[in-house]
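Summary of the model geometry
What follows is the residue order along each chain.
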Amino acid sequence: MILKSQVEWALHCCAILAGLPEGRYLSTKALAQFHGLPKEYLSKALQSLSQAGLVHTTLGPSGGYRLARPPAELTFLEIIEAVEGRTPTFVCTNIRANNPCRPHGYCESGPCAVARIMGEADEAWRAKLRSVRLSDLVVSLSQEIPAELWKSSFEWVLDRAG
């Protein structure tokens, strides 16, 4: 399974937005500069987050994006599904029905073993992502990123936040 690069961008942007003080917004331009991404493509990921109600947006010189809910209330799965959609990672096309040895009119009553196993794997993947909060990511980043880099990054963001 390969997710769109916009999923990575959205997760990183949400991590940055998690640190914004109340009432402050960060522009697409600033988020794109911070991550070294093309603004036009990043804006599509941010629009997906906005349409899903995960971020609030405002227009104007001090406009931009901010989280719609506290980081402890946002899961990785919500962010990923905002960008990728909610379709299952595996779609069974029932190719077993093409078996030339099957009797005419034979019909199974349930999904095949392949579809069941893939469905279980998809649900396990989603359960894991549902269990990880954006606040968990922020804690991990604060522990993994050197203190000086963490501080200077936060200052950079605040200097550009409207």
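The structure this text deals with has already been given above.
Residues numbered from 1 in each chain as written. Predicted model: local features only at pLDDT ≥ 70, side-chain atom pairs only at ≥ 80, totals over all residues. Heavy atoms only, no water.

At their nearest, the axes of helix 1 (residues 5-17) and helix 2 (residues 28-35) sit 11 Å apart, and the two run at 110° to each other. Taken as axis vectors, helix 1 and helix 2 run roughly perpendicular relative to one another. For the pair helix 1 and helix 2, the crossing hand works out as right-handed. In contact with His-12, Cys-13, Ile-16 and Leu-17 of helix 1, helix 2 contributes Leu-31, Phe-34 and His-35. Of the residues assigned to the contact of helix 1 with helix 2, the class counts are five nonpolar, two polar and no charged. (Axes fitted to C-alpha atoms, helices over the stretch in contact; angles between N-to-C directions. Helix = DSSP H or I, 4+ residues; strand = E, 2+ residues; numbered from the N terminus. Parallel < 35°, antiparallel > 145°, perpendicular 65-115°, else oblique. Left-handed = near helix turned anticlockwise from the far one by under 90°. Contact = heavy atoms within 4.5 Å. Nonpolar A, V, L, I, M, F, W, Y, C, P; charged D, E, K, R; others polar.)

For the rest of this paragraph, the subject is the nonpolar core. Ranked by internal contacts, the top residues of the largest apolar core, which has 35 residues, are Leu-17, Leu-26, Leu-31, Leu-42, Leu-49 and Ile-79. For this core, the element with the most residues is helix 1, which contributes nine residues. Setting aside chain neighbours within four positions, we find Leu-31 in contact with Cys-13, Ile-16, Leu-17, Leu-26, Leu-42 and Leu-46. (Core = buried A, V, L, I, M, F, W, Y, C linked by side-chain atoms within 4.5 Å. Buried < 20%, exposed > 50% of the residue type's maximum accessible area, 1.4 Å probe, protein only.)

The description of two helices packed together rests on the angle between their axes and the distance between the axes. Contact geometry for helix 1 and helix 6 (residues 134-144): axes closest at 10 Å, N-to-C directions at 80°. As judged from the angle between their axes, helix 1 and helix 6 are roughly perpendicular. In this structure, helix 1 uses Leu-11, Cys-14 and Ala-15 to contact helix 6, whose residues at the interface are Leu-134, Leu-137, Val-138 and Leu-141. For the contact of helix 1 with helix 6, a count of residues per class yields seven nonpolar, no polar and no charged.

Shape is all these values report; function is a separate question.
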